[in-house]
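The chain contents come next:
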Amino acid sequence: MINWANFISQCFNGLVLGALLALISSGLTIIYGTLGVLNLAHGAMFMLGGYAGWVAYTYTSSFIAAVFAGSLFVMIVGVVVERGIIRYFYSRPHEDQLLVTFGLGIVFVEAVRFFFGSLSKAVPPPSLFQGITSLGFMVYPTYRLALLGIVAVALLALYVVLYRTRIGMIVRAGIEDSVMVDSLGIDVYKVFMLVFGIGAMAAGFAGIVNAPVVSIAPDVGEAILVQTFVVVVIGGVGSFPGAILGGLIAGEIISITSMFNPGYAYVMLFVAMTLVLVLRPYGLLGTAGRE
Amino acid sequence: MLRQRPLLVEILTAVGLIAVPFVLPYLGFTPTTINRILVWGLFGLGFDILFGFTGLLSFGQSAFFGTGGMVAAYLLTIVEFPYVVPSLFVGTIVATVIGYLVGLIALRRTGIYFAMITVAIAEVFFFVEFNPLSAYTGGENGLPGVPAPALYLGFTTIRFNTDWSLYSFLAFWYFIGTVLALRIVRSPVGAVLRAIRDNPLRAAAVGHDIHGYKLTAFVVAAAYAGFAGGLLGVMQGFMPPDAFMFDTSGQLVMQTAIGGAGTLFGPLVGATVWLYLSDFLQTTLHIGATWKLVLGVIFVLLICFLRRGLIGGIEDLLAFVTGARKKAEPPEEAPVAGVTAEDEQRAAAAEMVREPAIAAMPARHRETDRKTGAILQVKGLTKHYGGLAANSDIDFTVNHGELRGIIGPNGAGKTTFFKMLTCEIPPTSGQILFEGQDITGKTVTDACQLGLTKSYQINQLFNRLTVRENLTIAALAELRGKFRLDLFRSLKRVAGLDEQVEHTLELVDLVDRADTPVSDLAYGEKRRLEVGLALATSPSLLLLDEPLAGMSPRERVETVLLLKSIARGRTMIIIDHDMDSLFELAQRVTVLQEGRVLVEGTPDEIKGNSKVQEAYLGGVHGVLAAE
């Protein structure tokens, strides 16, 4: 028998997880769409955001400082990696790009393990959002509610940047046809660097704001990376709205299935992904030719 | 490299495997490490066929490794089935079947999508093994108590329960695995797989069912993974659940890349380096868990600087060292004066023989020679891209044996028209009849199998293969059909293959360049090979999209001669902007303008036609008037 209060609370969990996945996947998908590189280190960047935030938190005891540190640090890592390594791979086969980002992911994870050990670290939620809130029909942890808002704001910010600014217009044009953008006299490589930075920052930001919910450990990014892939396949590669839709779908599937049996969460995710692949091979909101 | 002296590689492998126990321990390898290297090497043989040879990078091989291992271990422990090798085979079969099913889903997409899907599917297997199926797999504990293999000889039983006896067991299977993999790689299927890696579009266009072949490679890789997984359990006496983990897939990918993909032995070399370093860093340098960080850094550096892995690097180094000597050697043709004279004679003879040789082109499409009437009929062919009409309502008929030219200003829709004829893109409306059969809506592969193919405006070659290999790929499609599972047949035993390839080499005048990699060819030679690829499928109707594009005047003259010789006994349609050449070649010419047929007639009629003159010159006036 379904316990309805439990069910609704799981739906909320799904929403929170979904919004988070949407944010991380947006980062992955705009990087792929613009640069043509699938960043297998994206999960590790999520993890790096958590750790950078945790370090800042232990020094300042300020959650805001932690969020800034987490996002900025990962953005810098993204830019450095793009300038130092990834840009030499644009002309190389996709397989090489996958291999090098995969290797970078391992280096990040193992470097963190080296400096901070394998034990998980916790970042407490900011004092404002501690405790639980009664929503009338159920009680729910306050920080998770706040997280929903925080992530929604971040997604909105990403939307504004992508759809309401000049640079966003260039990025979206780059997703459609980066060669054309280049021939219009826009320095597409500068855009690439920026996109990689923003995409990485999305993962880093998600990593730190999620830290109060799920404590951080060096391998926390791996599961996230896999879920992100499913989101992108469902939503359609290179599609920002697709990442959001896919994220919410994946979040709800994981949460609701977990209510019955967590072991089947991935099976259901996989079923959803297969259905999409069979019925709409380019993803729900994707278009052909972005492969 | 793998092909020139077939048995040599097998013998060297056997010798190497026998020598290992006498050599490697002195280099600091423990027997356990050596055994693990063999399991990973065997796992990697299949993976290399998938990744190195077919170009499909899967991050989900752990699913099949784990499945094969768990099924075998389950039979040997919980079911208490006493026979090790049959259990391994059952595990392999289950992994193979699952590989087939997973392949059906994962291969719906290519490139990075394929990589992402394989990761996701492998993760599903991991969770299923851990949770819903934990009663069978032991969940996070795995399955302990896997027995050692034994050989019943009647009078005595050999048990492979010590490190070195186990080594002989593993080495035996590694050897079998290598022999089979070498046969696959040298088979027609192996050739097609390499073609898919280099240029999947062209592989499909010359008539291969590339989806079927990709699935084949995927299933082969799953089978190897399943067997290797079973061996892992047998080797350790315990089937660990981490066989299912993403790390397993990742380690396999990294080992293959470190050793060098596309070499079959790359994964073995990579595993040797990987496992040796991990042992060395942990036990000798005592750096604990940091070994993985060090290996990760090494891996990233290797990917950045040594694109083809260690084996590729060694090959390049050898080529660099011996390169100077090779270049100093005179070309094969002129070593001795006497032979030169002979060669000249032979060349002259070949020149004379050439025409009869062309007439004797052996192909199933030859009977179409004697046919008359229309070979191709097109009715109302239309293609819209959104609001843009690339082709509107084209009616077009070509008779058997005809050589038709198509001209038209840029943007007239010539290439779009060709793409629809070869079924590369579906028409918005209209019908295409080829030899009386409706081919509208068929695939480019089927069209080619029926005898209709084209050479591309922009070269679509298999760049990492030699000229001969390129033509072999095309000829195989005609000789074997679009899909055939002759995995263990040697290329040499495909009847008629050599003749067809040699013949095409002569036709496109690339005999001297037969064993040159495409990447080393001059532009004009590539252009001829482009025509040769289409020709080697023995088409009854050959479409040529701007065969003269980008050629020097001299090359043009040569190529026109070449096209004339090809045209004998063949139906061809040629698009080109070089009107002098085209009018010289074609019997009739069709003029396209703005996606419509403007006029059709003999070259002389077209030359004198005022509409055509207007289309080419008057277009300017039209634009000016519009402004």
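(A) Structural view of the overall build of chain B. In terms of regular secondary structure, chain B is built from 24 helices and 14 strands. With 627 residues in all, chain B has 48% of them scored as buried.

(B) View of the overall build of chain A. The number of helices and strands found in chain A is 10 helices and two strands. Its helices and strands in sequence order give chain A the pattern α-α-α-α-β-β-α-α-α-α-α-α, from N to C terminus. Once the C-alpha set of chain A is aligned to its principal axes, its extents read approximately 60 × 50 × 35 Å. Across the 291 residues that make up chain A, the buried fraction comes to 54%. A fraction of 76% describes how many contacts in chain A between residues 6 or more apart in sequence connect residues 24 or more apart.

(C) Layout of the interface of chain B and chain A. In this assembly, 35 residues from chain B lie in contact with 35 residues from chain A. Breaking the side of chain B that touches chain A down by element, the ones donating at least two residues are α5 (111–130), α11 (246–259) and α13 (291–305) of chain B. Examining the composition of the side of chain B that touches chain A, we find that 14 residues originate from one element, α5 of chain B, more than from any other. Each residue belonging to the side of chain B that touches chain A can be placed in one class, and the counts come to 25 nonpolar, six polar and four charged.

(D) How the structure looks around the sheet that holds strand β13 (residues 588–593) of chain B. Residue and element names in this part refer to chain B. Taken in spatial order, the six strands of this open sheet run β10-β11-β12-β7-β13-β14, and their pairing is mixed. Among the strands making up the open sheet, the edge pair consists of β10 (452–455) and β14 (596–601). Here the strands of the sheet are splayed against their neighbours by 20° on average, with no regard to which way each runs. Each of β7 (403–407), β10, β11 (541–545), β12 (571–575) and β13 touches helix α16 (residues 414–421); the most contacted strand, β11, lies at about 150° to it.

(E) Structural context of the domain arrangement of chain B. All names here are of chain B. Domains assigned within chain B are domain 1 (37–244), domain 2 (270–327) and domain 3 (371–626). Inter-centroid distance (C-alpha atoms) of domain 1 to domain 3 is 43 Å. Counting residues at the interface gives 23 residues for domain 1, matched by 31 residues for domain 3. Within the residue set of the side of domain 1 that touches domain 3, elements represented by two or more residues are α7 (163–186), α8 (188–198), α9 (200–205) and α10 (210–236). Per element, the largest residue contribution to the side of domain 1 that touches domain 3 is seven residues, and it comes from α8.

(F) Here's a closer look at unusual backbone geometry. Even without glycine at this site, Ser-61 of chain A takes up a positive phi of about 55°. Backbone geometry places Ser-538 of chain B, a non-glycine residue, at a positive phi of 45°. Looking at the element boundaries, Ser-538 of chain B is found in the loop between α20 (523–535) and β11. The class for Ser-538 of chain B is buried, based on 24 C-beta atoms found within 10 Å.

(G) Spotlight on the environment of Met-551 of chain B. Residues and elements named next belong to chain B. Within the secondary structure, Met-551 sits in the loop between β11 and α21 (553–567). Placed 380 residues apart in sequence, Met-551 and Ala-171 show a C-alpha to C-alpha distance of 55 Å. Beyond its immediate chain neighbours, meaning those up to four positions away, Met-551 contacts Gly-524, Arg-527, Arg-556 and Thr-559.

(H) Inspection of the sheet that holds strand β8 (residues 429–434) of chain B at higher detail. Residue and element names in this part refer to chain B. If you walk across this open sheet you meet the four strands as β6-β5-β8-β9, and the pairing is antiparallel. Taken across any chain shown, the strands that pair with only one partner, and hence form the sheet edges, are β6 (388–399) and β9 (437–438). Set on the sheet, α16 makes contact with β5 (374–385), β6 and β8; between it and β6 the angle comes to about 60°.

(I) Focus on the nonpolar core. Residue and element names in this part refer to chain B. With 284 residues, the main nonpolar core has Leu-42, Ala-120, Leu-170 and Leu-231 as its most contacted residues. Considering each element in turn, this core owes the most residues, 17 residues, to α10. In this structure, Leu-42 is in contact with Trp-173, Tyr-174, Gly-177, Tyr-224, Phe-227, Ala-228 and Leu-231, ignoring residues within four places of it in sequence.

(J) Summary view of the environment of Leu-281 of chain B. Residues and elements named next belong to chain B. By secondary structure assignment, the location of Leu-281 is in helix α12 (residues 266–284). Classification of Leu-281 as partly exposed rests on a count of 19 C-beta atoms within 10 Å. Separated by 13 residues in the primary sequence, Leu-281 and Val-294 have C-alpha atoms spaced 8.7 Å apart. In contact with Leu-281, not counting residues within four places along its chain, are Ile-287, Trp-291 and Val-294.

(K) View of the pairing of β11 of chain B. All names here are of chain B. Across the five residues of β11, five count as buried, placing the element largely inside the fold. The two faces of β11 match: Leu-541, Leu-543 and Asp-545 on one face and Leu-542 and Leu-544 on the other face are all buried. Where β10 meets β11, four bridges bridge the pair, whose relative direction is parallel. If you follow Leu-452 over to β11, its bridge partner there is Leu-541. Across five bridges, the pairing between β11 and β12 is parallel. Following the sheet pairing, Leu-542 is matched in β12 by Met-572.

(L) Quick peek at the packing of helix α4 (residues 94–116) of chain A against α13 of chain B. One way to put it is that α4 of chain A packs onto α13 of chain B with a least axis distance of 8 Å and a crossing angle of 155°. Considered as vectors, α4 of chain A and α13 of chain B are oriented roughly antiparallel to each other. The hand of the α4 of chain A/α13 of chain B crossing is left-handed. Within the contact between the two elements, α4 of chain A uses Asp-96, Leu-99, Val-100, Gly-103, Leu-104, Ile-106, Val-107, Glu-110, Ala-111 and Phe-114 of chain A and α13 of chain B uses Lys-292, Leu-293, Gly-296, Val-297, Phe-299, Val-300, Ile-303 and Cys-304 of chain B. Split by residue class, the contact of α4 of chain A with α13 of chain B holds 13 nonpolar, two polar and three charged.

About the thresholds
Residues numbered from 1 in each chain as written. Chains lettered and ligands numbered in written order. Predicted model: local features only at pLDDT ≥ 70, side-chain atom pairs only at ≥ 80, totals over all residues. Helix = DSSP H or I, 4+ residues; strand = E, 2+ residues; numbered from the N terminus. Buried ≥ 20, exposed ≤ 12 C-beta atoms within 10 Å, placed from the backbone. Contact = placed C-beta atoms within 7 Å. Nonpolar A, V, L, I, M, F, W, Y, C, P; charged D, E, K, R; others polar. Pairing = 2+ DSSP bridges. Axes fitted to C-alpha atoms, helices over the stretch in contact; angles between N-to-C directions. Domains from an automatic or database assignment. Core = buried A, V, L, I, M, F, W, Y, C linked by C-beta atoms within 7 Å. Parallel < 35°, antiparallel > 145°, perpendicular 65-115°, else oblique. Left-handed = near helix turned anticlockwise from the far one by under 90°.

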